[in-house]
Amino acid sequence: MAQQEQRMMADPYFSIDYQAQVNLIPLTDGETVPDADALEAEIPAPFKLISEVTRIDTNNARLLRNLDEHATELVEIINQQSRKIDLVLSYVLAGQDNPAQRYQTRSLGGGGFTFTSSQPLAEAGRVRCKLFLPELSVAVYGYGEVHAEAEPAQYRCDFIALREQDRDALIRASLQLQAKQLKARAERRAQQDDASRS
C-alpha cells in the first residue's frame, strides 16, 4: 500500500493545502505529553481566548442567519465589531509566535498538518505545537508527533494531544478554506470561459 493511502486510512480528518504559521517546540528529555486536564491548564491564555471568541462568533452567525432582511444594518454592525475583536486578538497572538521555532504548513486539517523543514527532524519526535490562522480567527495549542514524508525535507505532524474544540475549529477552518478555494476556482473558470467566447 502506498504511503499516501496508508496516511489517508490513518487520518480520518479532511485536510486542505494551505500555508499557515506554526511553531514547533521539541519536547526535552523527560518531558511528556500532558493528559487532557494538564493540557487545558498549560494552554496560554491568548489561545483560550481566541477559542472562546470563535465559539461565540459561530453561535452568533447561526442567530444572525435567522434575522430577517430588516436587520441587515444590525448584522453589519455586529460583523464589524467581530472583525475589530479579531484584529485585537491577532495582535495578542503575535506575541505567542516565536520566529526561531516557525515553520510554514503545506496542508492542515483536524488530524495534523504537513510542513517543510530545512533541518532534519527526529522521526516520531514529539513537539509542542502552536498553529496560527489569524485570518480565520483560529489558533490552537497542542502536541504532535513528527514523521518524515517520502520527499526530502517534507514532514507530517500528527496531533496526539489537542482539545476537541480546537480540533473542531481546525475542521471548520479547513472547510471554510476549501469553500473559498472552490469559489475562486469557479470564478477563474467563468472568466476563462468568458474570455474564450470573446
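Relevant structure appears above.
In this report, we go over the structure that sits alongside the text.

Procedures and definitions
Residues numbered from 1 in each chain as written. Predicted model: local features only at pLDDT ≥ 70, side-chain atom pairs only at ≥ 80, totals over all residues. Heavy atoms only, no water. Helix = DSSP H or I, 4+ residues; strand = E, 2+ residues; numbered from the N terminus. Buried < 20%, exposed > 50% of the residue type's maximum accessible area, 1.4 Å probe, protein only. Polar contact = N/O pair within 3.5 Å; in protein donor to acceptor, adjacent residues only side chain to side chain. Core = buried A, V, L, I, M, F, W, Y, C linked by side-chain atoms within 4.5 Å. Contact = heavy atoms within 4.5 Å.

## Notes on the environment of Arg 156
Tracing the chain through its elements places Arg 156 in strand β7 (residues 154-161). Residue classification places Arg 156 among the buried positions, given a relative accessible area of 16%. Along the primary structure Arg 156 and Asn 66 are separated by 90 residues, whereas in three dimensions their C-alpha atoms are 41 Å apart. One polar contact links Arg 156 to Asp 158, side chain to side chain, over a distance of 3.0 Å.

## Some points on the nonpolar core
Among the nonpolar cores identified, the biggest contains 24 residues, and Phe 113, Leu 131, Leu 133, Val 138 and Leu 170 are the most heavily contacted of them. Elements supplying a minimum of two residues to this core: β2 (21-26), β4 (112-116), β5 (125-133), β6 (138-148), β7 and α5 (164-197). Once residues lying within four places of it in the same chain are set aside, the contact partners of Leu 133 are Tyr 18, Ala 20, Leu 108, Val 138, Leu 170, Ala 173 and Leu 177. Residues Leu 89, Phe 132, Tyr 141 and Tyr 143 belong to the second largest nonpolar core, which totals 13 residues.

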